[in-house]
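# Structure at a glance
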Amino acid sequence: MAGAPPSYCFVAFPPRAKDGLVVFGKNSARPRDEVQEVVYFAAADHEPESKVECTYIAIDQVPRTHAVVISRPAWLWGAEMGANEHGVCIANAAVSTREPAAETEALLGMDLVRLGLERGETAKEALDVIVSLLEEHGQGGNYYEDGSSCHSFQSAYLIVDRDEAWMLETVGKYWAAEKVTEGVKCICNQLSLTTKMDAEHPELRNYAQSQGWWTGEDEFNFSEVFSPADDHLDCCAGKDSLEKQEESITVQTMMNILRDKASGVCIDSESFFTTASIVSVLPQNRSLPCIHYFTGTPDPSRSIFKPFIFVDDVKLVPKAQSPCFGDDDPAKKEPRFQEKPDRRHELYKAHEWARAVLESGQEQGHKLRKTMLELEKQGLEAMEEILTSSDPPDLAEVGDLFYDCVDTEIKFFK
């Protein structure tokens, strides 16, 4: 598992995306047997001088954190992807760079995803949060629940709100970012920023010169300077999938792209698997709610995307959450990861049965797939109605939305 797995993250802005909607999506490529959970955390006030325990280190807490919904590997604190109550979505991808990532425990890229969501009201605010924490605490530590070796990576982020997106790429504490307000963009496991940088670490270029990676005379090209020598700079499977769409990009288009194994966007290899996926719709009309669709299960081509909308009274969904092992969790004890507990949640277990049936390729599998897509379609149509109706949605119903969808899915698999 030496290289960073290709987790594809996408955004499409109007007019490429339909009806004044910003469409965001990500496939999380992780070790095959890893379980992801979908967890909601309400907005909260915190005591002065309190700390927040991230995956490996504790840092200063802020006075108030926003409500967030995240999809995360069940053993860690942070998030692979998620959204907050203000319509900010963040996804990250592990990237390989010329400078090896630190194995020393610090903040993980995934911790910074959650911290950005909890502390940023806009994409730009979330970007500022991430780079200031990177400067203060650094990034490092094992990306996988693996006691036998340390897999550490640098991180790239796609940070999106209703108005703009920021592509942020990091090398240690150094970083550069590009602002995006139109067209389509994709990030994966390689650096992709070139000469257009709208913000950067003040010492970035000096650092590149001091390492002998840039002469100071040529035009500064971020990915050329910081990519490993053997990197062929080809992150285009995802970009091609998005750019070749002739029609406007909709939620359904994004789901189809994430399900595409032939293009390599939906990874299913010996070591890695798409262990969870997200698609979010952010209407540029602020009177409409943002809608976030999570699978909470592996392989989007065999999963149901289920909608979530932020309201004041969201019903928690324990069936999509992994068991909690508290201080006995092998991820929290040192040396870490000496055992691997069973982190499967109820939804994951029910879905394992469905995956086996679907993989059999028999009549029962075809029927099951058809019914799963029908369930998903009903959810999509109900959400479309919310976005096009002149009446505000029933808040009680919306608060139970994700809970009801998970519940229906589990009952259906049983």
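In this report, we go over the structure that sits alongside the text. In this text, all values refer to a predicted model and were calculated from it rather than measured experimentally.

In terms of regular secondary structure, the chain is built from 10 helices and 18 strands. The globule rule puts the C-alpha radius of gyration for 414 residues at 22 Å, and the 20 Å found for the chain is close to it. If you line up the chain on its principal axes, its C-alpha atoms span 60 × 50 × 50 Å. Among the 414 residues that make up the chain, the fraction classed as buried is 58%. Considering only intrachain contacts with a sequence separation of at least 6, the fraction spanning at least 24 residues in the chain is 68%. When the accessible surface of the chain is totalled, it reaches about 17,400 Å², and 46% of it is carbon and sulfur.

It is worth spelling out the side chain of Thr170 at this point. Here Thr170 lies in strand E12 (residues 165–171). The class of Thr170 is buried, set by a relative accessible area of 0%. Polar side-chain contacts of Thr170 include one of 2.9 Å to the side chain of Gln139. Within the local environment of Thr170, its side chain forms a polar contact with the backbone oxygen of Ser155, the two atoms lying 2.6 Å apart. Setting aside residues up to four positions removed in sequence, Thr170 forms contacts with Val95, Thr97, Leu134, Gln139, Gln154, Ser155, Tyr157 and Trp175.

Across all of its chains, the model carries 32 salt bridges by this definition. Close ionic contact of Glu80 with Lys26 constitutes a salt bridge, the shortest N to O distance being 2.8 Å. With a gap of 54 residues between them, Glu80 in the loop between strand E8 (68–73) and strand E9 (81–84) and Lys26 in strand E2 (residues 21–31) connect regions that are remote in the sequence. Assigned by exposure class, Glu80 and Lys26 land together as buried.

Time to look at the sheet that holds strand E18 (residues 306–308). Backbone-to-backbone hydrogen bonds pair the strands of a sheet. The strands run either parallel or antiparallel. In space, the 6 strands of this open sheet follow the order E14-E1-E2-E16-E17-E18, with antiparallel pairing throughout. If you trace the sheet from one side to the other, it starts and ends with strand E14 (184–187) and E18, each paired once. Going across the sheet, the axis of each strand differs from the next one's by a mean of 15 degrees, ignoring polarity. With 11 bridges connecting them, E2 and strand E16 (residues 272–283) associate as antiparallel partners. Directly across from Gly25, in E16, lies its bridge partner Val279.

With that out of the way, let us pick up the nonpolar core. Membership of the largest hydrophobic core comes to 90 residues, with the highest contact counts inside it found for Phe10, Phe220, Phe222, Phe226, Val279 and Tyr293. No other element matches the 6 residues that helix H8 (residues 363–388) contributes to this core. Among residues more than four places away in sequence, those in contact with Phe226 are Thr97, Arg98, Val171, Leu191, Leu204, Tyr207, Ala208, Trp213 and Phe220. If you look at the next biggest cluster of nonpolar residues, it comprises 46 residues, including Cys54, Ile70, Ala79 and Ala94.

This part is about H8. Over its 26 residues, H8 extends 37 Å from the first C-alpha to the last, a length consistent with the 38 Å expected when each residue adds 1.5 Å. Listing the buried residues of H8 in full gives Gly365, Leu368, Met372, Glu376, Gly379, Leu380, Met383, Ile386 and Leu387.

The subject of this paragraph is the pairing of E16. Counting buried residues in E16 gives 12 out of 12 residues, a clear majority hidden from the surface. Across 4 bridges, E16 lies against strand E17 (residues 291–294) in antiparallel orientation. The partner of Ile278 across the bridge, within E17, is Phe294.

Judged by how many residues are buried, helix H6 (residues 251–258) sits mostly within the fold: 6 of 8 residues are covered. Measuring from the backbone nitrogen of Gln252 back to the side-chain oxygen at the start of H6 gives 3.3 Å, which picks out Thr250 as the cap.

With that settled, consider unusual backbone geometry. Pro14 connects to Pro15 through a cis peptide bond whose omega is 5 degrees. For the bond from Glu334 to Pro335, the omega torsion is -5 degrees, close enough to zero to count as cis. Relative to the helices and strands, Pro335 is located in the loop between E18 and helix H7 (346–360). Positive phi outside glycine occurs at Glu49, with the angle close to 60 degrees. Topologically, Glu49 is positioned in the loop between strand E4 (44–45) and strand E5 (51–53). The exposure class of Glu49 is exposed, given its relative accessible area of 81%.

Now for the sheet that holds strand E13 (residues 174–180). In space, the 8 strands of this open sheet follow the order E3-E8-E9-E10-E11-E12-E13-E15, with antiparallel pairing throughout. The open sheet terminates on both sides in strands that have one partner only, identified here as strand E3 (36–41) and strand E15 (199–200). Sheet analysis places strand E10 (residues 89–95) next to strand E11 (residues 154–160), joined by 7 bridges and oriented antiparallel. The residue bridging Asn92 from the neighbouring strand is Tyr157, located in E11. Against the sheet, helix H2 (residues 123–137) makes contact with E10, E11, E12 and E13, and its axis sits at roughly 10 degrees relative to E12, the strand it touches most.

Cut-offs used in this document
- Residues numbered from 1 in each chain as written.
- Predicted model: local features only at pLDDT ≥ 70, side-chain atom pairs only at ≥ 80, totals over all residues.
- Heavy atoms only, no water.
- Helix = DSSP H or I, 4+ residues; strand = E, 2+ residues; numbered from the N terminus.
- Rg over C-alpha atoms; globule rule 2.2 N^0.38 Å.
- Buried < 20%, exposed > 50% of the residue type's maximum accessible area, 1.4 Å probe, protein only.
- Contact = heavy atoms within 4.5 Å.
- Areas by Shrake-Rupley, 256 points an atom, 1.4 Å probe, with all protein chains shown as cover.
- Polar contact = N/O pair within 3.5 Å; in protein donor to acceptor, adjacent residues only side chain to side chain.
- Salt bridge = Lys/Arg side-chain N within 4 Å of Asp/Glu carboxyl O.
- Pairing = 2+ DSSP bridges.
- Axes fitted to C-alpha atoms, helices over the stretch in contact; angles between N-to-C directions.
- Core = buried A, V, L, I, M, F, W, Y, C linked by side-chain atoms within 4.5 Å.
- Expected span 1.5 Å × (residues − 1).

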